[in-house]
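Structural description and commentary
What follows is the residue order along each chain.
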Amino acid sequence: MNRGLPEGVRQILYAVLAMAALPAGAQTQDPYAGLSDSQLDGIRSAFYQAADSMEATMGAIRSMEAELGGPAGSWPLVARAYRASLEGLIGKHHPSLMEKFRRVNASLDAWRGLVEAAPLSLELRFLRYSYFLQLPGIFGVGSYLEPDRKALLELLEAKADARVPPGQRRDMIEWLLKEGKLPARDRQRLERVLADS
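Residues numbered from 1 in each chain as written. Predicted model: local features only at pLDDT ≥ 70, side-chain atom pairs only at ≥ 80, totals over all residues. Heavy atoms only, no water.

**As for helix H4 (residues 77-93)**
An ideal rise of 1.5 Å per residue puts 24 Å on 17 residues; H4 measures up with 25 Å between its terminal C-alpha atoms. Most of H4 is tucked away: 14 of the 17 residues are buried. (Helix = DSSP H or I, 4+ residues; strand = E, 2+ residues; numbered from the N terminus. Expected span 1.5 Å × (residues − 1). Buried < 20%, exposed > 50% of the residue type's maximum accessible area, 1.4 Å probe, protein only.)

This is the structure we're talking about:
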């Protein structure tokens, strides 16, 4: 993509190219439909604290349930993705191997179709990639990693997904550079994005 183009023109071109790459008939949903900025901030904050302990994980789940109500399957896509990953964190923190396995499988069931419903969502792609990358091969999610990595690079270069704040976007890039197991060419692309941010 021509780096000399104005930023707004580049973003439009990236979006058009990304849409052209979608399978014929693919539908996209607004992954944030119905979520206020304050709800989204609360979900994000609770989620990132949940990695520390079972107590924080269960607290994040209780907070989401109180805030959003109803069954998790009816929540906006981004909220469902955070909830699905929290289920995986229960597995991470649980002492029983069988319960770990059960929780991760439940998490994968909850993840089914979320990214496919909104394939241009940076937040959904990042959440899935960062979670699936850490799962052992026995869970069979490896086929998602390369497509998600490619999409993440394109979305980050395009500065797509306006609901992701600049600080969170920067954190995503830094995590990918440190933990994302990127090939050298992808690291170089992300380092350029980071330098431009």
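**Remarks on the environment of glycine 142**
Inspection of the secondary structure puts glycine 142 in helix H8 (residues 142-157). Along the backbone, glycine 142 and tyrosine 129 are 13 residues apart, and their C-alpha atoms lie at a distance of 9.8 Å.

**So, the confidence of the model for the chain**
In the predicted model, the chain carries a mean pLDDT of 89, and 86% of its residues have values of at least 70. Looking over the chain, one finds the lowest element-wise mean pLDDT in helix H1 (residues 7-20), namely 45, and the highest in helix H7 (residues 122-132), namely 98. For residues 8-27, every residue scores under 50 in pLDDT, and the model assigns this stretch 21 contacts once sequence neighbours within four places are set aside. (pLDDT = per-residue confidence, 0-100. Contact = heavy atoms within 4.5 Å.)

**Some words on the packing of aromatic side chains**
The tally for this structure, following the rule as stated, stands at 7 aromatic pairs. Arranged with centres 5.1 Å apart and planes meeting at 85°, the rings of phenylalanine 47 and tyrosine 48 form a pair that is edge-to-face. Taking the relative accessible area as the measure of exposure, tyrosine 48 reaches 42% and is therefore partly exposed. Residues phenylalanine 47 and tyrosine 82 carry aromatic rings whose centres are separated by 5.0 Å and whose planes lie at 70° to one another, so their mutual orientation is edge-to-face. (Phe/Tyr/Trp six-rings, centres within 6.5 Å; stacked < 30°, edge-to-face > 60°.)

**Observations regarding the packing of helix H9 (residues 166-179) against helix H10 (residues 184-196)**
Following both chains from N to C, one finds H9 and H10 inclined at 150°, their axes separated by 10 Å at the closest point. As far as their axial angle goes, H10 and H9 are roughly antiparallel. Taken as a pair, H9 and H10 cross one another with a handedness that is left-handed. Here H9 contributes Arg170, Ile173, Glu174, Leu176 and Leu177 to the contact with H10, which in turn contributes Arg187, Leu190, Glu191, Val193 and Leu194. (Axes fitted to C-alpha atoms, helices over the stretch in contact; angles between N-to-C directions. Parallel < 35°, antiparallel > 145°, perpendicular 65-115°, else oblique. Left-handed = near helix turned anticlockwise from the far one by under 90°.)

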